[in-house]
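What the coordinates show
Listed here are the chains, written in short residue letters.
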Amino acid sequence: MIDAFKLLGKRGLFLFDPEAAHGLSITALKSGLLPACSLPADPRLSQTVAGLTFANPLGMAAGYDKNAEVTAALLRLGFGFTEIGTVTPKPQAGNPKPRIFRLERDGAVINRLGFNNEGHAAALARLQAAKISGIVGVNIGANKDSEDRIADYVAGIRTFYSVARYFTANISSPNTPGLRDLQARDSLDQLLSAVLSARDAEAARTGRKIPVFLKIAPDLTPEGMDDIAAEVLSHALDGLIVSNTTLSREGLSDQSQAKEAGGLSGRPLFEKSTAVLAAMRQRLGPDLPIIGVGGVSSAETALEKIRAGADLVQLYSCMVYEGPGLPARIVRGLSPLLDREGVASIRELRDSRLDYWADRKV
């Protein structure tokens, strides 16, 4: 039934503008119209990362379930974990519409949403009320008009500490002016110090230490990657997410839509994001968990992220084109790939093409 989307649902949803179609997909998940996916258990796909045990390595990236409306429903599609947000302390409308654009020939999306969300209180109430048995991360950000952006991230840690299984500090969206400046070394030092101090205080209070990840952009110079790696290692961060959307428009066939401002995601982001992932793995060494994001559209591309240095992978934009059956197809597709490789755990394949991807010039 879910795969019927590729024949009928996609055609219908694409009659609507992208933001309206997104809202309809949220409504469909809320209503229970999409049945739960039953996946055969494959212990080779399970692993413990940052102290959390994931049944499979595939997650839904932040940006889809911004307001924690469909966390349980997403997990029922076959994802091993999901991430809500980005959430900011105060509700905000985001940038003017239209602000999402499909590049159908490229299998890509451009968005300039600008952290539109209902704020901490609304998301917290939904997470507290939800019956969730899986892993849900909370992606935190700063309000556009904030006078103290670092304080906004600290507020996210404190607000969601009782419900988050992990946190992601998102400093990599191109759609909030000045946000990516937090990737600069001095600013990143201040941010990580404040966020991890808040986490440690909550851990001491509750007896639970929640991992904190940092989400970075793919549009980094080698020197920028050096600086981020140095700060991540010096602050003993729990993990990295590579990467957010790109400002690059290289190689796109839909040049009319490519002129739209915003971050590009989907299939064209795969090579760039995977090369940055491998470059960061080389800089960070083998121990720090990394989640790879960008252009994951199949079991093969998911596994390639792992070969390039990722422990886990996430997707979002490719599901716009492939439909809600994509996560189950990917998870099912990983098992025969592991059969072919003759490995007892997917972990054995991590870094097996690290040098290849780190040497890519994109």
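Residues numbered from 1 in each chain as written. Predicted model: local features only at pLDDT ≥ 70, side-chain atom pairs only at ≥ 80, totals over all residues. Heavy atoms only, no water.

Structural notes on the UniProt feature "domain: Dihydroorotate dehydrogenase catalytic" (unreviewed entry) in the protein chain
Residues given the UniProt feature "domain: Dihydroorotate dehydrogenase catalytic" (unreviewed entry) here are residues 45-337. Note that residues 45-337 is 37% helix and 19% strand, and that its end C-alpha atoms are spaced 11 Å apart. (UniProt positions renumbered as here; feature names shortened; annotations may be inferred. Helix = DSSP H or I, 4+ residues; strand = E, 2+ residues; numbered from the N terminus.)

Some points on helix 12 (residues 326-341)
Taking 1.5 Å of rise per residue, the 16 residues of helix 12 would be expected to cover 22 Å, and the 23 Å separating its terminal C-alpha atoms lies within 8% of that figure. Leu326, Pro327, Ala328, Ile330, Val331, Gly333, Leu334, Ser335, Leu337 and Leu338 are the residues of helix 12 that are buried. Contacts made by the buried residues of helix 12 are with strand 3 (58-60), helix 10 (299-307), strand 13 (312-315) and helix 11 (317-322). Just beyond helix 12, the residue with positive phi is Gly342, at close to 65°. (Expected span 1.5 Å × (residues − 1). Buried < 20%, exposed > 50% of the residue type's maximum accessible area, 1.4 Å probe, protein only. Contact = heavy atoms within 4.5 Å.)

Considerations on the sheet that holds strand 3
The strand order 3-4-7-8-9-10-12-13 describes a closed barrel built from 8 strands, whose pairing is parallel. Within the sheet, the average angular offset between the axes of one strand and its neighbour, ignoring direction, is 25°. Pairing analysis gives 4 bridges linking strand 7 (residues 135-140) to strand 8 (residues 166-170), with the strands arranged parallel. Looking at the pairing, Gly137 lines up with Tyr166 of strand 8. Across the sheet, helix 5 (residues 149-160) touches strand 4 (81-87), strand 7, strand 8 and strand 9 (212-216), and the angle it forms with strand 8 is around 165°. Running at roughly 165° to strand 12 (residues 290-293), helix 9 (residues 270-284) makes contact with strand 9, strand 10 (239-242) and strand 12 of the sheet. (Pairing = 2+ DSSP bridges. Axes fitted to C-alpha atoms, helices over the stretch in contact; angles between N-to-C directions.)

So, the environment of Asn116
With respect to the helices, strands and loops of the structure, Asn116 is situated in the loop between strand 6 (108-111) and helix 4 (120-129). Asn116 gets classed as buried once you look at its relative accessible area, which sits at 15%. Residues Asn116 and Gln190, 74 residues apart in the sequence, show an inter-C-alpha distance of 25 Å. Aside from chain neighbours lying at most four places away, what touches Asn116 is Glu19, Lys66, Gln92, Ala93, Gly94 and Arg99.

Thoughts on helix 2 (residues 18-31)
Taking 1.5 Å per residue, 14 residues should reach 20 Å; helix 2 reaches 20 Å between its end C-alpha atoms and fits that length. Those residues of helix 2 not exposed but buried are Pro18, Glu19, Ala21, Ser25, Ile26, Ala28 and Leu29. For helix 2, the capping residue at the N-terminal end is Asp17, with a side-chain oxygen 3.0 Å from the backbone nitrogen of Glu19. At the C-terminal side of helix 2, Gly32 shows a positive phi close to 80°. (Polar contact = N/O pair within 3.5 Å; in protein donor to acceptor, adjacent residues only side chain to side chain.)

Digging into the sheet that holds strand 6
Strand order in the open sheet formed by 3 strands is 5-6-11, and the pairing between neighbours is antiparallel. Here the strands that pair on one side only, and so sit at the sheet edges, are strand 5 (100-103) and strand 11 (263-266). Across this sheet, the average inter-strand angle for adjacent strands is 25°, counted without regard to direction. Summarising the sheet, strand 5 and strand 6 pair through 4 bridges and their orientation is antiparallel.

Focus on the pattern of salt bridges
Scanning the entire structure with this criterion turns up 26 salt bridges. Between Arg112 and Glu260 there is a salt bridge, and its shortest N-O distance comes to 3.0 Å. Remark: Glu260 occurs in the loop between helix 8 (255-258) and strand 11 and Arg112 occurs in the loop between strand 6 and helix 4; sequence separation between them is 148 residues. Between Arg307 and Glu304 there is a salt bridge, and its shortest N-O distance comes to 3.9 Å. You can see Arg307 and its partner Glu304 sitting in helix 10, 3 residues apart, about one turn around the helix. Counted as one network, the salt bridges with shared partners bring together Arg281, Asp311, Arg347, Arg350 and Asp351. (Salt bridge = Lys/Arg side-chain N within 4 Å of Asp/Glu carboxyl O.)

So, the nonpolar core
If you look at the biggest cluster of nonpolar residues, it comprises 86 residues, and the most contacted ones within it are Val138, Tyr153, Phe167, Leu214, Leu240 and Met280. With residues near it in sequence (within four places) discarded, Val138 still touches Ile84, Val87, Leu127, Phe160, Ala164, Tyr166, Phe167 and Thr168. Core analysis: the next-biggest nonpolar cluster, separate from the first, contains 12 residues, Val49, Ile135, Val293 and Leu312 among them. (Core = buried A, V, L, I, M, F, W, Y, C linked by side-chain atoms within 4.5 Å.)

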